[in-house]
Amino acid sequence: MRKGIWIIGLCCLLLSVLPAWAAGEKVRADVDLTTLTPGESLELRVTVQGGDGEVDTSGLSDFKVIPQGTGTSVRIINNRTTREATHTFLLIPKRQGKLTIPPLAVTIDGRRHHTEPIAVNVSAQVATERDDAPDVWVDVSISDPQPYVGQQTTFRFSLFQAVRVTNGTLEPPDFEGFSTNEIKERGSRREIIDGRKVVVTEINYVLVPLKSGTRTIEPATLQLGIIHADRQRRRSRFDDFFDDPFFNRGRVETKVLQSSPLEVQVRPLPAWKGSEPFSGLVGRFEMASKIETTQLKVGGSTTLTVTVQGRGNIMDAQPPQLTLPEGLKTYADAPEEKIQLDAEGYQGKKVFRTALVPIRAGEIQLPPVQLTYFDVEEERYRTLTASLPALSVQPGTDQSVPILATPQTPGTQKKRVAFTGRDILPPKEGLDALVARHPMRWPMFVLWLILPAAAFGLLTLFQRLKQTDTSPSATMRRRARQAFKSAQADRTADPSAYLTELYRALTSAIYARVGRSGEALAWKEAETLLQDNGVEPETARQASALLTAIESSRYSGAQLTGADRRELLDQTRRMIRRLAP
Amino acid sequence: MSRYAILLIQTLLGTAAALLLLYAPSAASPFARQFISGIEAYQAERYIEAIEEWQAIADGGIANGELFYNLGNAHLKADHLGPAILWYERALQLLPNDPDLHFNLNYARSLTKDTPEESTPPIVRILFFWKYQLSRRIVTIAAVTGNILFWLLFSGWRLTRRRGLLRAAVATSVPALIFVLTAAFNFYETAHLKQAIILPDTVSVRSGFQKTDTELFVLHAGAKVQVVRDSKKHYQIGYSAGKTGWVDRNAAGLIDAVPPSPSK
């Protein structure tokens, strides 16, 4: 009995643990299809249990991956709440055959988990259950798979739909190596294909190759929803596939269609060896010219109109070079252009008008106008020539008005310099490029800012410490300095105080020299003291004499002149310096 | 002048000389062979090889505007628009007045697909011309030199009380302060106002870290972005007012991420 209770208990325990163990499976992946045909997509769902995880899809090299979003859900099992996040991706196979969705790494809270691998079979054969022709498919084409550099060519993306579709989102190719412009006007028509009515929608891009060589235009991807018609509501199946789904009723099946890649062989333009300049135009062009009137008077004007029209990079057309004879002034007008972009590319015309003003009478022969372009149909350079009639110029009626301006010769005509080719400047070849020029780090910068200030602080501190020296010599030296400063101040204001301070300064300097303190000093005593302390006898004698001179002036009451006072001050300054230790 | 003053001036001059020596150009001959191989590869149109040679030098700790310019050239020739603009921008930090660099960078920018938005207003570039005309290194050295000169003159005045020195110190303090503040702003800019260049041809800027998060907008190679925040694997970037989102770290190269000096 007891044993039975144990077994039942153990079973209960296992039952309670199982969901938790099952919940321990952190990540899993599943797909909606394992067999598909090229151009079809499958839906991959990666479910992450517990915390948020980051799915690494970099291993899906055989598929084009289109993220579809993340959904979360919360489940409660045996009073345990688990959170589940489902990451959805649309996968489009890049090739046929047996492909594998490899184990995908999912990082959850810093730990890596992996999903199980999934085998996918991409077969050229349509699956048995879908033997019927597809309802929706796409195709791409290019008007000229071997264009020349600069030649416009049209890339056409076509959607064929035998059923209603909605929410179309086209991801065009990157068109690497081409200048691209989407033609806004989309073509739409109905066709009967294999006995089925099909709506064909075309989206066109004008491509202009920038460089020669083989270029691959990657597949375009169209994501759309196929509407499985609601039987209760009948509506034309030829509705625009970009319709708002709000108005469409019925089940919508999301599908991703991918076109095939296209290879384009871009040919370089052959070298131009002609004498006249190449205009840079590539396409098919014609040129016409006309003169408004050939009969005119000196100072009058006529308009030369040159029209360049055709298909190609007409917007790049520059005014044809006019080599006009002397005796004509020219005034170029702003060109007038009328250019359209249609399914075949750019086409239109550019009109250049130039006013011609003769400044002499007579017959003026005009040379023909020439324009050289590369003809993409004939695959060679063509020079268009438009001859011009001669101008017959009569003398002007008002001869009193001279034409002051000189004729504008073609050689001096100024125009804005434009790039005729684009490239970068060459690399630097000097070994200076190997000299490290690291910017200073901020701690070092702060250090360099602080260091001089700190040095200054040390200097100030040192000075303060020096001033607090209490030895008799230092005290006397300070007193000498102060007294001398006072003497300087009193030199003109108070002669008596001036002499007193001068006396103090000199006696203090003598005491500082001998390392003693004192207030007064007789001249003889001063000389003896200095000599006894190693001062040269001559210096000691001069100091003693200066002291005597100061004392004499101080006590005799004699009036010193300004020059005398200055002289005495200078002598005292020199002596204090000589006595300084 | 007392001998203490002379000693102090000698000390400060010695310090300044040491500073100049520390930042004076020093030959990096071990890389010379690699550099020349890179030049030869470039001229033979083996651009990938040239990139490898020069990248190895940069990885070796050589931060030099001319080297970065060459790397930009090689990447551009190899059709790597994003890395080309990144290296040109890095070179611009060190060679702000190089005409070749400006020409090539302008050409590379003309190949980008995204319209540049919100560049520095011209009036700011005129008012603070020294910040934009001088490299960060020069600004820093000018700030340090000005600072040393100011303290030298001030110390001289303190010791001798000659008014000429005080006047010279005051006159020096103004440009020194300007350069010190500019250098400080440059350091702040480097640390907090990081800029980056988008490297792959196309990058989806998303609302979060996950590849399944909503794509907010798309940027193309060569677009210059502001790095608002960074996490372990992602950058939050801003392209213009109102356009912000997350991209993978590998998708953007920091302009200020100059290879570190091996001695530091």
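Keep in mind it's a predicted model, so treat the numbers as computed, not measured.

(A) Region of interest: the overall build of chain A. When its secondary structure is counted, chain A shows seven helices and 29 strands. When contacts within chain A are restricted to residue pairs at least 6 apart in sequence, long-range pairs at least 24 apart make up 72% of them.

(B) Highlighting the pairing of strand β20 (residues 278-291) of chain A. Residue and element names in this part refer to chain A. Across three bridges, the pairing between β20 and strand β27 (residues 369-375) is parallel. Within β27, the residue paired with valine 282 across the bridge is phenylalanine 374. As defined by bridge partners, β20 adjoins strand β22 (residues 302-312) across nine bridges and the pair is classed as antiparallel. Looking at the pairing, arginine 284 lines up with arginine 311 of β22.

(C) Quick look at the interface of chain A and chain B. On the chain B side, the residues contacting the 39 residues of chain A number 53 residues. Where the side of chain A that touches chain B is concerned, the elements lending two or more residues are β4 (53-56), β5 (63-77), β6 (80-93) and α2 (442-467) of chain A. The biggest single contributor to the side of chain A that touches chain B is α2(A), with 12 residues. Its residues assigned to classes, the side of chain A that touches chain B comprises 23 nonpolar, eight polar and eight charged.

(D) Examining the sheet that holds strand β29 (residues 391-394) of chain A more closely. Residue and element names in this part refer to chain A. Taken in spatial order, the three strands make up an open sheet running β21-β29-β26, and their pairing is mixed. The two strands at the open ends of the sheet, each matched to only one other strand, are β21 (295-297) and β26 (362-364). The sheet shows a mean angle of 30° between the axes of neighbouring strands, direction not considered. With three bridges connecting them, β26 and β29 associate as antiparallel partners. Residue glycine 362 lies in a different strand from β29, and its bridge partner there is valine 393.

(E) Quick peek at helix α3 (residues 47-59) of chain B. Residue and element names in this part refer to chain B. Over its 13 residues, α3 runs 18 Å from end to end, which matches the ideal 18 Å to within 8%, given 1.5 Å per residue. Along α3, the residues classified as buried are Ala50, Ile51, Glu53, Trp54 and Ile57. Taken end-on, α3 shows its buried residues confined to a sector of 165°, consistent with a single buried face. Relative to its buried face, α3 has exposed residues pointing more than 90 degrees away, namely Ile48 and Asp59.

(F) How the structure looks around helix α4 (residues 495-514) of chain A. Residue and element names in this part refer to chain A. Relative to the 28 Å expected for 20 residues at 1.5 Å per residue, α4 spans 29 Å between its end C-alpha atoms, a close match to the ideal helical length. In terms of burial, α4 is a largely internal element, 15 of the 20 residues being buried. Positive phi appears at glycine 515, one or two residues downstream of α4, with a value of about 75°.

(G) Quick look at the environment of B:Gln55. Within the secondary structure, B:Gln55 sits in helix α3. Between the C-alpha atoms of B:Gln55 and B:Phe35, which are 20 residues apart in sequence, the distance is 9.7 Å.

About the thresholds
- Residues numbered from 1 in each chain as written.
- Chains lettered and ligands numbered in written order.
- Predicted model: local features only at pLDDT ≥ 70, side-chain atom pairs only at ≥ 80, totals over all residues.
- Helix = DSSP H or I, 4+ residues; strand = E, 2+ residues; numbered from the N terminus.
- Contact = placed C-beta atoms within 7 Å.
- Pairing = 2+ DSSP bridges.
- Nonpolar A, V, L, I, M, F, W, Y, C, P; charged D, E, K, R; others polar.
- Axes fitted to C-alpha atoms, helices over the stretch in contact; angles between N-to-C directions.
- Expected span 1.5 Å × (residues − 1).
- Buried ≥ 20, exposed ≤ 12 C-beta atoms within 10 Å, placed from the backbone.
- Arc of directions from axis to C-beta.

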